[in-house]
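Observations on chain architecture
Here is what each chain is made of, one letter per residue.
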Amino acid sequence: MNRRQLITRSALASASLALPGFALAQATTTRIVVPFAAGGPIDVTARILAEAVRGSLGTVIVDNRPGAGGNIGVSAVAKAVPDGLTLGIATTASHGINPWLFSKLPYDPAKDFAPIAQMLRVPNVLVMNAEAATRLKINSLADLIAYGKANPGKLNYGSGGNGSAGHLAGELFKNQAGIFAVHIPYNGGNPAQLGLLSGQVDFNFDNLATAAANIRAGKLKALAVTTAQRSAVVPEVPTVAATLPGFEIDTWWGLVAPAGTPAETVRKLNAAFSAALNSPEVKSRFALLLAEPAPSTPEQFADFMTRERSKYERLVKLSGAKVD
């Protein structure tokens, strides 16, 4: 050990003696890795939960690790020490879509993680440019399908990119409805929404949280939500499944730990985060984001993610999308 290492170790030892809580605080700080940049809905909800569980878990920080469609941050969680102090966010993309979209992933979504709890679900919604809907006399999902059948190839739809949830929802819709619409991939969800608002495309499958303001402003016309039941946020909007039985796609995310995390630790984490998700304060804050808390047991979340991987395997093959 060199002189600098000795000085550093001595300084740390002195700090822990001078501040009795120092060593304990260092040992009990929990980190939630968010695989996307700060400011987005996943980051915001993670910070809400981090604040809500401080009473039971102590200090909880959010660590943003964006890049590669979420793969960088998720991979960091998979490689972390399984001591319950490094958690991560599993999403529709990382644990449902990406396993089939990428030829190689830096993690195994089925084997590298210990599910803790699902956090929430955000409905997606099929929206049209309001002016286009008026011009084409489309007031319902049935009208859109009828127009598509009568005018093959004239409709187009946008998404945040090849293999995105919006792209896959559009391909499933085309398949079940028996129509053809040209897919226009954009570089992200925001450009796709701008494309819809400007009339470059006719319809999108968008996240309700991002589409709601423009729906209320009359710029977008909501034809149907993609969840199995109607959304409490827009209860007047029917489901796609009411017209196309079995259609169900929404956006979700939840908490995972590295594989090998002790079962008792997973249980304690689940209890802390489930209590937070069921609290009135968290529910009200999530409601402002149009997100529905979806607390679950670790086993329920594991089963859910298995079903999602199976569903998206079929959808990615249907779309023909590949990233590498």
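Now for a description of the structure that goes with this document. In this text, all values refer to a predicted model and were calculated from it rather than measured experimentally.

1. As for the overall build of the chain
Helix and strand content of the chain: 14 helices and 10 strands. Evaluated residue by residue, the chain yields a buried proportion of 49% over its 324 residues. Considering only intrachain contacts with a sequence separation of at least 6, the fraction spanning at least 24 residues in the chain is 76%. Surface exposure of the chain reaches about 14,900 Å², of which carbon and sulfur atoms provide 56%. Charge separation in the chain, taken as the distance between the mean sites of 30 positive and 22 negative side-chain charges, equals 4 Å.

2. Details of the nonpolar core
Within the largest apolar cluster, 34 residues are counted, with the highest numbers of intra-cluster contacts made by L126, M128, L141, L144, F173 and F203. Those elements that place two or more of their residues in this core are helix 6 (92-101), strand 4 (113-129), helix 7 (130-135), helix 8 (141-150), helix 9 (165-177), strand 7 (203-207), strand 8 (220-225) and helix 14 (298-319). Dropping the residues within four chain positions of it, L126 is found in contact with L141, L144, F173, F203, N204, F205, K221, A222, L223 and A224.

3. Thoughts on the pairing of strand 8
Among the six residues in strand 8, five count as buried, and that is most of the element. Strand direction decides the pairing type here: strand 4 and strand 8, joined by five bridges, are antiparallel. Its bridge partner being in strand 8, N129 is matched across the sheet by L220.

4. Observations regarding unusual backbone geometry
Even without glycine at this site, K137 takes up a positive phi of about 60°. Inspection of the secondary structure assignment puts K137 in the loop between helix 7 and helix 8. A residue is classified by how much of its surface remains accessible, and K137, at 68% relative accessible area, is exposed. The phi dihedral of L290 falls on the positive side, at around 60°, and the residue is not glycine. Note on placement: L290 falls in the loop between helix 13 (280-288) and strand 10 (292-293). Owing to a relative accessible area of 9%, L290 belongs among the buried residues under this scheme.

5. Some remarks on empty space enclosed by the protein
Per the counting criterion, the structure on display carries one cavity of 30 Å³ or more. The space that makes up the largest cavity amounts to roughly 30 Å³. Classifying every residue of the lining of the largest cavity gives five nonpolar, no polar and one charged.

6. A few points about the packing of aromatic side chains
Within this structure, the stated rule accounts for eight aromatic pairs. Taken together, a centroid distance of 5.9 Å and an interplanar angle of 80° make the contact between F173 and F203 edge-to-face. Of this pair, F173 sits in helix 9 while F203 sits in strand 7, and the two are 30 residues apart along the sequence. With 6.1 Å between their ring centres and 20° between their planes, F205 and F247 make a pair best called stacked. Of this pair, F205 sits in strand 7 while F247 sits in the loop between strand 8 and strand 9 (250-258), and the two are 42 residues apart along the sequence. Of the two residues, F205 and F247, both sit in the buried class.

Cut-offs and rules
Residues numbered from 1 in each chain as written. Predicted model: local features only at pLDDT ≥ 70, side-chain atom pairs only at ≥ 80, totals over all residues. Heavy atoms only, no water. Helix = DSSP H or I, 4+ residues; strand = E, 2+ residues; numbered from the N terminus. Buried < 20%, exposed > 50% of the residue type's maximum accessible area, 1.4 Å probe, protein only. Contact = heavy atoms within 4.5 Å. Areas by Shrake-Rupley, 256 points an atom, 1.4 Å probe, with all protein chains shown as cover. Lys, Arg positive; Asp, Glu negative; His and termini not counted. Charge placed at Lys NZ, Arg CZ, Asp CG, Glu CD. Core = buried A, V, L, I, M, F, W, Y, C linked by side-chain atoms within 4.5 Å. Pairing = 2+ DSSP bridges. 1 Å grid on protein atoms, 1.4 Å probe; cavity = no way out; pocket = protein on both sides within 12 Å on 5 of 7 lines; lining within 4 Å. Points joined across faces, edges and corners; volume = space filled by probe spheres on them. Nonpolar A, V, L, I, M, F, W, Y, C, P; charged D, E, K, R; others polar. Phe/Tyr/Trp six-rings, centres within 6.5 Å; stacked < 30°, edge-to-face > 60°.

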